[in-house]
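Spelled out, the chains give:
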Amino acid sequence: MRQWHHLLGLALLISVMPGCSTGATSAAIPPAKRPVAAPATRQDGNLALLAGKLRNAGRAPVSIVQLGDSHTAADLFSGELRRLLQARYGDGGIGLVPASPVPGIRHDRVIIKSEKRQWELVSARNQRSDRFPLGGYLSLPQASRSSVLLQARDEDRQRYKISALYQSSGNATLLASGGQRRMLPASAGQWRFSPALANLGLPVQLSVEGGAGVALGGWYVQGQKNTGVTYSTLGINGARLEVVDKWQPGWLDSLKAVRPDLVILAYGTNEAFDDTLDLALYRAQLDTTLTRLRQTLPQAVILLVGPPDSIKQRKARSCAARQPQPLASVIRLQKQMAQKHKALFWDWQAFMGGPCAIAGWQASGLARPDLVHLTADGYRKSATGLYEFLKGPLGLRP
């Protein structure tokens, strides 16, 4: 039985009174301007706002960003959801992808290639750096002109504008096949998006020149027409929610720069497989991350996607003993935090049929033998379930 859950709280409306000044001097001193309050999150968690933007997607872009673990990194689940949304509301582009090839992950729409010894990849999965960008993949140029090739996985005749997420201690140059150039000014240690290279088709070769002190965090690939849905997937195999704490603090500014209308957090499987998981600490991490997202993106919809069903102890007699022990608690805490922060929650395990349902999915060819990950068909079926779920709270017609 499917169990869908979304709970909405109350929004606080903040009024700002204009400042005034007094003084006895003949020269008037202008009143100090008080900062304008950020728009408050709406009572419905911004659902009506997102629904309106989707209906208007033929005239203005809609941006979706998904952060997650291996279920996201494969871009089969998110790739199918992207396909469904873009088929209905228009193809706005590919979104943010890693700047250089990342072993073990894929993107449903683009293949990233480079020659050997062009880039050093540093991953937040199992390496250390104080420079990790949004997404957790740091690409460092290793040649005087380091290049990548972005190639469409399937036929693609769309034209794109492409920006680099970059950090640089000095000036450098971004180039595209065909001759376009854009300067990459020094960024004072912060992550920035470069000026866009315009009207590009795939495949396209992108290069960085004068790369000493330059780091790339990704390519933002958006449709040239600036309409339709853009869906970025930023997944790291083995990741937990806490991986965002390894990213440079400015990652929220990078996220804000792509103007997401919907942010999806799809973590929980790796937390559930940790028998020593500190549930109080996990709850605090969820609370802090959602608070920061709400503060940074007060007009976005936030969706928590719960972990899918899984089995850890295959030979145990009871279903409860076969399940990862913290799994039920992880799902419960995600539901609670969704309620507190006016976010949506989609119960993936319930959609699959409840505890231990993954065994039946595996028998039907919808889950892999590890009883943790799904097959391509299983991920696509799940994405269709989430798509149907979203129609309800968004009030969208079929």
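Further up the page is the structure itself.
Structural notes, computed from the coordinates. (Residues numbered from 1 in each chain as written. Predicted model: local features only at pLDDT ≥ 70, side-chain atom pairs only at ≥ 80, totals over all residues. Heavy atoms only, no water.)

## Observations concerning the overall build of the protein chain
Put simply, the rule is: Helix and strand assignments come from DSSP, with helices taken as H or I runs of at least 4 residues and strands as E runs of at least 2, each series counted from the N terminus. Only protein chains enter the calculation, and the probe is 1.4 Å; a residue is then buried if its accessible area is under 20% of its type maximum, exposed if over 50%, and partly exposed in between.
Scanning the protein chain from terminus to terminus reveals 11 helices and 18 strands. When burial is assessed residue by residue, the protein chain has 53% of its 398 residues classed as buried.

## A closer look at the side chain of Gln66
Convention followed: A 3.5 Å cut-off defines polar contacts: any pair of N or O atoms within that distance qualifies, except that in protein one atom must be a possible hydrogen donor and the other a possible acceptor, and neighbouring residues in sequence count only when both atoms are side-chain atoms. Should any heavy atoms of two residues lie within 4.5 Å, those residues are considered in contact.
With respect to the helices and strands, the residue Gln66 is situated in strand E2 (residues 61–68). Given the relative accessible area of 1%, Gln66 is considered buried. A polar side-chain atom of Gln66 sits 2.8 Å from a polar atom in the side chain of Thr72. At 2.6 Å, the side chain of Gln66 and the side chain of Tyr231 are in polar contact. With near-sequence residues (within four places) excluded, Gln66 lies in contact with Thr72, Phe77, Ser78, Tyr231, Ser232, Thr233, Leu234, Ile264 and Ala266.

## What about the pairing of strand E16 (residues 262–266)?
Going by this rule: One requirement defines pairing of two strands: DSSP has to find at least two bridges between them.
Most of E16 is tucked away, with 5 of its 5 residues classed as buried. Of the two faces of E16, the one carrying Leu262, Ile264 and Ala266 and the one carrying Val263 and Leu265 are both buried. Looking at chain direction, E2 and E16 are connected through 5 bridges and run parallel. Bridging from a neighbouring strand, Gly68 pairs with Ala266 of E16. Two strands pair when backbone bridges link them, and E16 and strand E17 (residues 301–305) are joined in this way by 4 bridges, in the parallel orientation. Each bridged residue has a counterpart across the sheet, and for Val263 the counterpart in E17 is Ile302.

## So, helix H3 (residues 77–89)
Which entries qualify depends on this criterion: One less than the number of residues in a helix, times 1.5 Å, gives the span that helix is expected to have.
The end-to-end C-alpha distance of H3 is 18 Å, a good match for the 18 Å that 13 residues give at a rise of 1.5 Å each. By the criterion of burial, H3 is predominantly enclosed, with 10 of the 13 residues buried. Listed as buried for H3 are Phe77, Ser78, Gly79, Glu80, Leu81, Arg82, Leu84, Leu85, Gln86 and Tyr89. Of the residues trailing H3, Gly90 is marked for its positive phi of about 105°.

## Examining unusual backbone geometry
Cis geometry is found at the peptide bond from Leu202 to Pro203, where omega equals 5°. By the element assignment, Pro203 lies in the loop between strand E12 (197–200) and strand E13 (204–209). Even without being a glycine, Leu371 presents a positive backbone phi close to 55°. For Leu371, the position within the fold is in the loop between helix H10 (358–363) and helix H11 (376–394). A relative accessible area of 8% places Leu371 in the buried class.

## Concerning the pairing of E13
Taken together, the 6 bridges between strand E7 (residues 145–152) and E13 define a ladder with antiparallel strand orientation. Counted as the bridge partner of Leu150 is Val204 from E13. Across 4 bridges, strand E9 (residues 172–176) lies against E13 in antiparallel orientation. Following the sheet pairing, Ala176 is matched in E13 by Leu206.

## Focus on helix H8 (residues 327–340)
Here H8 spans 20 Å end to end across 14 residues, near enough to the 20 Å set by a 1.5 Å rise per residue. Taken residue by residue, H8 has Leu327, Ser329, Val330, Ile331, Leu333, Gln334, Met337 and Ala338 as its buried positions. At the exit of H8 stands Lys342, carrying a positive phi of roughly 55°.

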